[in-house]
Amino acid sequence: MSQQPFLPFSKPTIDEATIAAVGDVLRSGWITSGPKVQAFEAQLSEYFGGRPVRTFNSGTCTMEIALRIAGIGPGDEVITTPISWVATANVILEVGATPVFADIDPVTRNIDLAQVEAAITPRTKAIIPVYLAGLPVDMPMLYALANKYNLRIVEDAAQALGSSWDGERIGSTGDFVSFSFQANKNITSSEGGCLVLNDAEEARLAEKYRLQGVTRTGFDGLDVDVLGGKFNMTDIAAAIGLGQFAHIEQITAHRRSLAQHYFKCFGSDFEEKYGAQLPPADFENSNWHLFQLVLPERQDGLPARATFMEQMQARGVGIGYHYPPIHLLSLYRAQGFKEGMFPVAEKVGRLIVSLPMFTAMTLADVERSVAAVKAVLQR
């Protein structure tokens with residue numbers, strides 16, 4: 001239907017300097033964890049106000065390691081949101097703990113902290129809030145809960161590098177903070193992630209968990225005193241991360257300008273006219289990793305999201321969706337979760353879509369995306 005080049009939902013932008021830096025690493029003879037990883041960690045630590053930062057091969061293992069450092073395991077409960085990539089809940093199972101879900105706020109689509117407090121039991125040991133699309137939860141309220149009930153917080157900030165709360169960068173304060181550098185994130189290392197920690201002792205323990213529990217001393221001293229895994233970042237990935245990270249401020253500013261243009265193009269009457277829900281218009285705190293709509297239900301019996309995605313693709317515009325409700329996936333149904341338990345999350349998870357949003361997008365791309373949305377929804 002569309003004669004224009006396909007507009008993808010997301011694609012990374014890797015500049016020539018970064019490509020050259022990767023080539024230098026490949027020629028150096030040191031391609032696994034080495035000086036580039038150390039340099040990337042140092043830059044991240046500076047960005048987060050000097051807090052210890054360790055990099056890993058994903059933004060999933062970072063959360064698992066945070067839970068292990070916090071001593072969370074069998075018999076413990078960890079509260080999180082049903083609307084996230086399934087990794088957020090899977091890491092709770094990985095450490096032997098029990099995932100507990102709390103419904104989401106219908107406006108922000110983040111976990112509802114009032115629902116979190118209602119879900120706390122004597123077995124609750126931690127909360128994993130997720131900053132969907134890069135928008136943080138209410139940080140003072142989150143940490144007031146943590147202090148009141150003596151809970152650890154593992155911030156799933158996978159999508160929130162460059163986001164802030166009340167002028168403070170996400171990651172510069174708080175407890176454990178986990179970020180992802182997966183391919184569609186604002187800053188990518190192809191695959192990877194980092195964990196912001198509280199002190200040097202936690203950082204040393206993170207290093208052990210990152211690489212088989214190993215501690216080395218002297219020329220040939222080696223010991224293992226915890227059960228670790230194989231989660232280290234390579235220098236190849238770190239070189240990509242360094243090249244991307246050099247542009248984080250410009251990337252964040254550009255994505256905010258794209259989001260502002262989305263709102264301008266949709267117009268003030270969009271929700272009333274088309275029945276879809278826009279995201280909160282937050283241009284201070286969110287890094288606008290995603291621009292998401294909650295679609296209206298269809299009246300003809302067809303599946304609203306699948307039909308919308310198919311028709312948008314026919315117009316040459318790619319669409320993502322983030323995410324189906326975790327508690328309705330088979331693995332979690334088998335643990336007793338079912339429809340009706342978290343009605344807001346279930347509606348949002350059924351109808352949410354992510355519109356194109358990436359660094360190389362132009363304002364004209366936004367206009368094309370919005371025109372396609374309106375054409376599909378008015379049918």
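Every value quoted in this text rests on a predicted model; they were computed, and no experiment measured them. (Residues numbered from 1 in each chain as written. Predicted model: local features only at pLDDT ≥ 70, side-chain atom pairs only at ≥ 80, totals over all residues. Heavy atoms only, no water.)

On to the overall build of the chain, then. Scanning the chain for helices and strands turns up 14 helices and 13 strands. Whereas a compact globule of 379 residues would reach a radius of gyration of roughly 21 Å, the chain reaches 21 Å, a difference of no more than 12%. Seen along its three principal axes, the alpha-carbon backbone of the chain occupies a region of about 70 × 55 × 35 Å. For the chain, the residues scored as buried account for 55% of the 379 residues in total. A fraction of 70% describes how many contacts in the chain between residues 6 or more apart in sequence connect residues 24 or more apart. Carbon and sulfur atoms provide 54% of the accessible area of the chain, an area that totals close to 16400 Å². Both charge centroids of the chain, one from 32 positive and one from 41 negative side chains, sit 5 Å from each other. (Helix = DSSP H or I, 4+ residues; strand = E, 2+ residues; numbered from the N terminus. Rg over C-alpha atoms; globule rule 2.2 N^0.38 Å. Buried < 20%, exposed > 50% of the residue type's maximum accessible area, 1.4 Å probe, protein only. Contact = heavy atoms within 4.5 Å. Areas by Shrake-Rupley, 256 points an atom, 1.4 Å probe, with all protein chains shown as cover. Lys, Arg positive; Asp, Glu negative; His and termini not counted. Charge placed at Lys NZ, Arg CZ, Asp CG, Glu CD.)

Our focus in this paragraph is the UniProt feature "modified residue: N6-(pyridoxal phosphate)lysine" (unreviewed entry) in the chain. In the numbering used here, UniProt assigns the "modified residue: N6-(pyridoxal phosphate)lysine" (unreviewed entry) feature to Lys 185. By the secondary structure assignment, Lys 185 is in the loop between strand E8 (176-180) and strand E9 (193-196). Among all residues touching Lys 185, those that are not within four sequence positions of it are Ala 158, Gln 159, Ser 180 and His 289. (UniProt positions renumbered as here; feature names shortened; annotations may be inferred.)

Below, the discussion takes up the packing of helix H3 (residues 61-69) against helix H7 (residues 200-210). Their axes nearest at 10 Å, the elements H3 and H7 cross at an angle of 125°. Compared by their axis directions, H3 and H7 come out oblique. As H3 runs across H7, the sense of the crossing is right-handed. Of H7, the residues touching H3 (which contributes Ile 65, Arg 68 and Ile 69) are Glu 202, Leu 205, Ala 206, Tyr 209 and Arg 210. (Axes fitted to C-alpha atoms, helices over the stretch in contact; angles between N-to-C directions. Parallel < 35°, antiparallel > 145°, perpendicular 65-115°, else oblique. Left-handed = near helix turned anticlockwise from the far one by under 90°.)

Further remarks concern the sheet that holds E8. Working definition: the strands of a sheet are paired by backbone hydrogen bonds and lie parallel or antiparallel to each other. Read across the sheet, seven strands follow the order E1-E9-E8-E5-E4-E2-E3 without closing on themselves; strand pairing throughout is mixed. Looking along the sheet, the strands with just one partner apiece sit at the ends: strand E1 (53-56) and strand E3 (98-101). Geometrically, the sheet is characterised by an average inter-axis angle of 25° between neighbouring strands, direction not taken into account. The pairing of strand E5 (residues 152-156) with E8 spans three bridges and is parallel. Pairing of Asp 156 across the sheet is with Ser 178, part of E8. In this fold H3 packs onto E1, strand E2 (77-80), strand E4 (124-128), E5, E8 and E9, with an angle of close to 25° to the strand it touches most, E9. (Pairing = 2+ DSSP bridges.)

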